[in-house]
Amino acid sequence: MTLTEYIKKRNGVPIGSSKSLRNNLYRSLGAKNFSGFWNYWNPIFGYYLGKFVFKPLKKIFPVTISLIFTFVFCGFIHDAVSMLFHEKISLSFTLWFLLMGLAVLTTKFLNHNYSEQKWIIRALANLAIIGICFLMTIYIKKYIVTIIHN
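Structural notes, computed from the coordinates. Quantities reported herein were computed from a predicted structural model and do not represent experimental measurements.

**Focus on the packing of aromatic side chains**
Argument step 1. Applying the stated criterion across every chain yields a total of 14 aromatic pairs.
Argument step 2. Measuring from centroid to centroid gives 6.0 Å for tryptophan 38 and phenylalanine 97, while their planes differ by 55 degrees, and the two rings are tilted. Taken as a pair, tryptophan 38 in helix H3 (residues 34-40) and phenylalanine 97 in helix H6 (residues 92-109) lie far apart in primary sequence, 59 residues in all.
Argument step 3. Arranged with centres 6.0 Å apart and planes meeting at 75 degrees, the rings of tryptophan 96 and phenylalanine 97 form a pair that is edge-to-face. Accessibility assignment for this pair places tryptophan 96 and phenylalanine 97 in one class, buried.
Argument step 4. Grouped by ring-pair contacts, the aromatic residues Phe34, Phe37, Trp38, Trp41, Phe71, Phe93, Trp96, Phe97 and Phe134 constitute a single cluster.
Argument step 5. Sitting over the ring of tyrosine 40, arginine 10 keeps its end group 6.0 Å from the ring centre.

**Quick word on the packing of H6 against helix H7 (residues 119-149)**
Argument step 1. Two numbers describe how H6 lies on H7: the axes approach to 9 Å, and their chain directions differ by 135 degrees. Considered as vectors, H6 and H7 are oriented oblique to each other. Handedness of the crossing formed by H6 with H7: right-handed. Seen from H6, the contacting residues are Ser92, Leu95, Trp96, Leu99, Met100, Ala103 and Thr107; seen from H7, they are Ile129, Ile130, Cys133, Phe134, Met136, Thr137, Ile140 and Lys141.
Argument step 2. Each residue belonging to the contact of H6 with H7 can be placed in one class, and the counts come to 11 nonpolar, three polar and one charged.

Criteria and cut-off values
Residues numbered from 1 in each chain as written. Predicted model: local features only at pLDDT ≥ 70, side-chain atom pairs only at ≥ 80, totals over all residues. Heavy atoms only, no water. Phe/Tyr/Trp six-rings, centres within 6.5 Å; stacked < 30°, edge-to-face > 60°. Helix = DSSP H or I, 4+ residues; strand = E, 2+ residues; numbered from the N terminus. Buried < 20%, exposed > 50% of the residue type's maximum accessible area, 1.4 Å probe, protein only. Lys NZ or Arg CZ within 6 Å of the ring centre and 35° of its normal. Axes fitted to C-alpha atoms, helices over the stretch in contact; angles between N-to-C directions. Parallel < 35°, antiparallel > 145°, perpendicular 65-115°, else oblique. Left-handed = near helix turned anticlockwise from the far one by under 90°. Contact = heavy atoms within 4.5 Å. Nonpolar A, V, L, I, M, F, W, Y, C, P; charged D, E, K, R; others polar.

Encoded structure:
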């Protein structure tokens, strides 16, 4: 599948459409579960992560491990960009994305499905998982810093 076909599949409109961002937000936030959120979120980046990271990893590792490595890699890319601008080492995104990858696996294992809920409830649930993972990232980083300084 080409990038153009992938984006049309994920957003329902061709790349560059004026409705692309609206559709992306509507579909990702309103996904029936957290795994679905990631299927729709940032389709361009998702396409390349799937093609060049996840699929090759699946040839070596089980799907669950490949998924975690893909999330960690994605977080590291975000951290690399952040480190370029802030000129200091940080692995905050890497940890955050690791936690979100674990949340994807956990919600899949629990068969989390809120497709019967209204869009706003689905959106709030997906945002809540992202927020919880973010708060856990902050807590874990503070805990690690405390251990290092003691």
